[in-house]
Structure formats: C-alpha cells, structure tokens
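Now for the letters of each chain:
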Amino acid sequence: MANPWYRAWVGLVGDPKIAEAALVAGCSRALVIAVWHALLESASEVDDCGAFVATPRRVAATLCESLGAIEPVFAAFTELGMIHGGAVEAWEKRQRNSDSVVGAAERQRQSRALRATERLHRAQPGAAGDGDGVTVTTCHRMSQNVTAPEEEEDTETEISSSAGRGREID
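Residue numbers here run from 1 along each chain, matching the order of that chain's written sequence. Residue-level local features of this predicted model are given only where pLDDT is at least 70; pairs of side-chain atoms are given and counted only at 80 or more, and the full residue set underlies all totals for whole chains, interfaces and linings. Remark: hydrogens and water are excluded; side-chain values derive from all non-hydrogen atoms of the structure.

(A) Seen up close, the overall build of the protein chain. Helix and strand counts for the protein chain come out as seven helices and two strands. When each of the 170 residues of the protein chain is scored for burial, the buried share is 25%. Put simply, of all contacts in the protein chain between residues at least 6 apart along the chain, 59% involve residues at least 24 apart. Computed with a 1.4 Å probe, the accessible areas rest on the Shrake-Rupley method; for each residue, only the protein chains presented here act as cover. About 12300 Å² of surface is accessible on the protein chain, with carbon and sulfur atoms providing 54% of the total. Numbering of helices and strands runs from the N terminus; a helix is a DSSP stretch of H or I covering at least four residues, while a strand is a stretch of E covering at least two. Type-normalised accessible area, obtained with a 1.4 Å probe on protein chains alone, sets the label of each residue: buried when under 20%, exposed when over 50%, and partly exposed for intermediate values. In what follows, residue pairs with any heavy atoms lying within 4.5 Å of each other are defined as contacts.

(B) Geometry of the nonpolar core. Side-chain atoms within 4.5 Å are what join buried Ala, Val, Leu, Ile, Met, Phe, Trp, Tyr and Cys residues into a set we call a nonpolar core. Counting residues in hydrophobic clusters, the biggest one holds 29 residues, and the most contacted among them are Val35, Trp36, Leu39, Phe52, Phe74 and Phe77. Examining the composition of this core, we find that nine residues originate from one element, helix H2 (residues 29-46), more than from any other. Here Phe52 is in contact with Leu39, Ser42, Ala43, Val46, Phe74, Ile83, Gly86, Ala87 and Val88, once residues within four sequence places are set aside.

(C) How the structure looks around H2. One less than the residue count of a helix, multiplied by 1.5 Å, gives the span that helix is expected to have. For H2, spanning 18 residues, the distance from its first C-alpha to its last is 26 Å, which sits close to the expected 26 Å at 1.5 Å a residue. Taken as a whole, H2 has its buried residues at Leu31, Val32, Ile33, Val35, Trp36, Ala38, Leu39, Leu40, Ser42, Ala43 and Ser44. After H2 finishes, the residue Asp47 shows a positive phi value of roughly 55°.

(D) Structural context of unusual backbone geometry. Positive phi outside glycine occurs at Asp47, with the angle close to 55°. Positive phi is not limited to glycine here, since Cys49 has a value of about 55°. When its relative accessible area of 51% is taken as the criterion, Cys49 is described as exposed.

(E) Expanded view of the packing of H2 against helix H4 (residues 67-79). Between the N-to-C directions of two axes lies an angle of 0 to 180 degrees, each axis being a line fitted to C-alpha atoms and, for a helix, fitted only over the stretch in contact. At a minimum axis separation of 10 Å, H2 and H4 run at an interaxial angle of 70°. Regarding the angle of H2 to H4, the classification is roughly perpendicular. Note on element contacts: H4 touches H2 through Ala69, Ile70, Val73, Phe74 and Phe77, opposite Leu31, Val32, Val35, Trp36 and Leu39. The residue classification treats Ala, Val, Leu, Ile, Met, Phe, Trp, Tyr, Cys and Pro as nonpolar and Asp, Glu, Lys and Arg as charged. All others, Gly included, are polar. Of the residues that constitute the contact of H2 with H4, the class distribution is 10 nonpolar, no polar and no charged. In these notes the angle categories are as follows: under 35 degrees is roughly parallel, over 145 is roughly antiparallel, 65 to 115 is roughly perpendicular, and the rest is oblique.

(F) Region of interest: the confidence of the model for the protein chain. Each residue carries a pLDDT score, the predictor's own confidence in it, on a scale running from 0 to 100. Mean pLDDT over the protein chain works out to 77, with 64% of the residues at or above the 70 mark. Low pLDDT, under 50, characterises residues 135-146; the predicted model gives this stretch four contacts beyond four residues in sequence or across chains. Considering only residues more than four positions removed or in separate chains, one finds that residues 152-163, a stretch of pLDDT under 50, has two contacts.

(G) Broad picture of the packing of aromatic side chains. Working definition: a ring pair exists when centres of Phe, Tyr or Trp rings (six-membered ring for Trp) sit within 6.5 Å. Plane angles under 30 degrees give stacked, over 60 give edge-to-face, the rest tilted. In this structure the tally under the stated criterion is two aromatic pairs. Taking 5.1 Å as the distance between ring centres and 70° as the angle between the ring planes, the aromatic pair formed by Trp36 and Phe77 counts as edge-to-face. Of this pair, Trp36 sits in helix H2 while Phe77 sits in helix H4; the two residues are 41 residues apart in sequence, bridging distant segments of the chain. Assessed through its relative accessible area of 0%, Phe77 is described here as buried. Ring plane angle 70° and centroid distance 6.4 Å describe the contact between Phe52 and Phe74, whose orientation is recorded as edge-to-face. With Phe52 in the loop between H2 and helix H3 (56-63) and Phe74 in helix H4, this residue pair connects regions lying 22 residues apart in the sequence. Looking at Phe74, the relative accessible area reads 9%, which means it is buried.

What follows is the structure, given as structure tokens:
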C-alpha cells in the first residue's frame, strides 16, 4: 500500500456534485458518498495520480449493494467529470504531495535542520537568556516523556501530610 490514507474534504456530504450524482444515478446521497470513498480509497492504494482499480462489481460486493445500484453511480461520476478513464479527476489538487511518505521524510529532514539551527543559536554568545535584554519566543512541542521531573517525585509525603487538613468527601 503506497499511502495508508487519503484526504476527504470538509463539505463532502453537502457537495452539489454529490447531490447531483445521486439525482442522476437515482439513488441516495449516502450511497454516492460510500461509492466515492471506495474510489478514493482504491486510488490511494494505487498511488498513481488518482488511478483506481475498483470496479462497479467490486464496490457493489464491498458495500453489500446490487451491481444495478452501483453502475449508475459510476456513470454519474463520469458524466459529472468526477472520474475519467479509471482515475479520480483533480486527484493531485486534493491529495497533496506532502501527504506522501516521501513528503513526510522531507518534512522530517527540515524539522531536524531547524532544531539544529535553534540549538546552534542558543549556544552562541548574544543568544537569548545571556543578559543582553533580548527575548526570543520559541514554539515548545509537547514532550512524549511522561516521567515526572525529579523535584516533583517526592510529592507523596507532602500530600499525605496535608491530607488531614481538608474535609473528606464521601
């Protein structure tokens, strides 16, 4: 599998093309949405500019619907320009290159380079905190480390000694 997920945009349920596809196919909007997502999922698995391998028969089997209900949806998608020649139209516009594994690797490289630059800046004379009056605000990322700092580890004795001061709740 090339990309384990795909983008779905806000407003899909109310999208006029989805409503029109349901009207043209003579079925519910819910069925059209399900078929559309099946095509997006197939295109994401293929990862070739929107090309999909899903067929009306395969989608019908997947959704537990009749082939007679799915074929008109494919035809409506074609008529409305949503799919063409076995590919989702405007795939590149919706599925950004940054979503790919290659894009993620590049973002990670950039992030590491930025952190190295920040460390270098902090280590240089004149950096924030050396008394020159310059304040630098940086973005702090949440730590994945959930171990309490050393100074907070001995709070159990403080809690037990103060337990008698408050009113107990039953």
